[in-house]
Amino acid sequence: MGQLPSVPRVMKPSILVTKRVYSEAIEYLKTFAEVDYEATDDGLAPQELVERARGKQAIVSQLTDTFSAEVISRLEGVWVLANVAVGFDNIDVGAATSRRIAVTNTPDVLTETTADFAWALLMAAARRIVEAHQFLHSGQWRRWTIDLLVGRDVHGRTLGIFGMGRIGQAVARRARGFGMRVLYHDSVRAAESLERELGLEFTAPDRLLAESDFVTLHVPLLDSTRKLIGAAELRKMKPTAILVNTSRGPVVDEAALADALSRGVIAGAALDVFESEPHVHPKLLELDNAVLAPHIASASVDTRRRMCLMAAENAAAVLEGRHPPNLVNTEVWQS
Ligand code: 8YV
């Protein structure tokens, strides 16, 4: 049994779901709990979050809910924050841990889906698919020309990956099919067996930036990764290079990137995440060489369904006194 208290069997636990999720998750939660479901897409402001959390033992949250230290300090009797995301930078985990609130996430289930999308973005930017689509839709295609919408080759080029976790590895695995050379950097070097299996070369950030034709980011948002890519890093990249970001917006200095793209410091960018979502730097919106998506890398029907269910299962586990499958702050659970 964990250190966290479990709900006495006679009592039905209460769960707050802060925002609309796939209905299977709600149906599942209702089999054992009272569910206060905010079935909208707006979510709850911090003050509302605190009020609606009153009397709840579990909260199923999303990346748009901010659980700052201040919000967490005002939660009473909450044992688990079950985030529907692999990332948990919306939660002050230290503050949750100090109040013995379990934090859970939804890893693995979205790894391949997110890697697929990173590749979709990379290909779209390299081969100018969005520009081509707009070109046709706006009726501009009147004749074929030899250099119409010419882009950049992907096969045989060099891919640079920051972050060799689950998603970074899934991206690297796909690069093999394109016959690419893969450089990577991470705070911890991968096992030699993995490097061999995926044909990875560990390198310092400067070399990765200088030699890669495509740079893709798969790091969590931490103090050490905030603005990992700024003006100085962009200047180290090839003028023909393309930057892909499906991690977290603040990993890239958006203003510096917009400036670099507009001046041809690098050739292109493909971004799924932004510094202050849903706000996008206005300069980025004006550029043809920036492919932009509204944070949808994990958005396949199957994956999003599974993420919702997984978060619900994590909440259920804590409420039943079981170790949740995806506990982030393992310190709160001592047997
Ligand atoms: C989700 C993500 O779209 O899991 C994450 O960390 O960024 C995405 O997979 C999002 O978090 C859903 O809440």
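Thresholds, definitions, all that
Residues numbered from 1 in each chain as written. Predicted model: local features only at pLDDT ≥ 70, side-chain atom pairs only at ≥ 80, totals over all residues. Heavy atoms only, no water. Salt bridge = Lys/Arg side-chain N within 4 Å of Asp/Glu carboxyl O. Helix = DSSP H or I, 4+ residues; strand = E, 2+ residues; numbered from the N terminus. Buried < 20%, exposed > 50% of the residue type's maximum accessible area, 1.4 Å probe, protein only. Arc of directions from axis to C-beta. Contact = heavy atoms within 4.5 Å. Phe/Tyr/Trp six-rings, centres within 6.5 Å; stacked < 30°, edge-to-face > 60°. Pairing = 2+ DSSP bridges. Right-handed = clockwise from strand over helix to strand, strands pointing away. Near = heavy atom within 4 Å. Polar contact = N/O pair within 3.5 Å; in protein donor to acceptor, adjacent residues only side chain to side chain. Areas by Shrake-Rupley, 256 points an atom, 1.4 Å probe, with all protein chains shown as cover. Nonpolar A, V, L, I, M, F, W, Y, C, P; charged D, E, K, R; others polar. Axes fitted to C-alpha atoms, helices over the stretch in contact; angles between N-to-C directions.

*Asks:* Tell me what's going on with the pattern of salt bridges, and back it up with residues and numbers.
*Replies:* Across all of its chains, the model carries 23 salt bridges by this definition. Of the charged contacts, one joins E131 and R128 as a salt bridge, the two residues approaching to 2.9 Å between their closest N and O atoms. The shortest N-O distance in the salt bridge between R173 and E197 comes to 3.8 Å. Here R173, found in helix 7 (residues 166–177), pairs with E197, found in helix 8 (residues 192–198); they are 24 residues apart in sequence, far enough to count as distant. Overall, R173 belongs to the partly exposed group, its relative accessible area being 37%. What emerges from the salt-bridge pattern is a single network uniting D36, E38, R52 and K56.

*Asks:* Any chance you could break down helix 1 (residues 23–30) for me, citing the residues and the numbers?
*Replies:* Taken together, the buried positions of helix 1 are occupied by A25, I26 and L29. Across the axial projection of helix 1, the buried residues extend over an arc of 100°, all falling on one side. Looking at the buried residues of helix 1, the elements they touch are strand 1 (14–17), strand 2 (34–37), strand 3 (58–61) and helix 13 (301–319).

*Asks:* If you had to explain the packing of aromatic side chains to someone new, which residues and values would you point to?
*Replies:* Taken as a whole and assessed by the stated rule, the structure comprises three aromatic pairs. Between Y28 and F32, the aromatic rings sit 5.6 Å apart at their centres with planes inclined by 65°, giving edge-to-face as the arrangement. Look at F32 and you get buried, because its relative accessible area is 17%.

*Asks:* Talk me through the pairing of strand 2; I want residue IDs and the actual numbers.
*Replies:* Pairing of strand 1 with strand 2, which is carried by four bridges, proceeds in the parallel orientation. Opposite I15, over in strand 2, you have V35 as the bridge partner. Once the chain exits strand 1 it traverses helix 1 before rejoining the sheet at strand 2, and the crossover so formed is right-handed.

*Asks:* I'd love a proper account of the site of the ligand, names of residues and values included.
*Replies:* Around the ligand lies a shell formed by L63, V84, A85, V86, G87, L110, R248, H295, S298, R304 and M307. Interatomic distance of 2.8 Å between a backbone N/O atom of G87 and an oxygen atom of the ligand. One nitrogen or oxygen atom from the side chain of R248 is found 2.7 Å from an oxygen atom belonging to the ligand. Taken by itself the ligand offers 320 Å² of open surface, and the protein chains cover 91% of this. A breakdown of the residues in the shell around the ligand according to their chemical character gives six nonpolar, three polar and two charged.

*Asks:* Tell me what's going on with the environment of R157, and back it up with residues and numbers.
*Replies:* Along the chain, R157 turns up in the loop between helix 6 (129–137) and strand 6 (158–162). A relative accessible area of 34% means that R157 is categorised as partly exposed. Along the chain, R157 and A45 lie 112 residues apart, while their C-alpha atoms are 46 Å from each other. Beyond its immediate stretch of four places on either side in the chain, R157 contacts M180, R181, D213 and F214.

*Asks:* Any chance you could break down the sheet that holds strand 2 for me, citing the residues and the numbers?
*Replies:* Pairing is parallel in the open sheet, where five strands are placed in the order 2-1-3-4-5. Strand pairing shows two members of the sheet lacking a second neighbour, strand 2 and strand 5 (102–104), which therefore form its edges. With direction set aside, neighbouring strand axes in the sheet form an average angle of 15°. Bridge count for strand 3 against strand 4 (residues 80–83) is four bridges, and the pairing is parallel. The residue of strand 4 that forms the bridge with I59 is L81. Lying over the sheet, helix 1 contacts strand 1, strand 2 and strand 3, oriented at roughly 145° with respect to strand 2. Running at roughly 165° to strand 4, helix 13 makes contact with strand 1, strand 3, strand 4 and strand 5 of the sheet.

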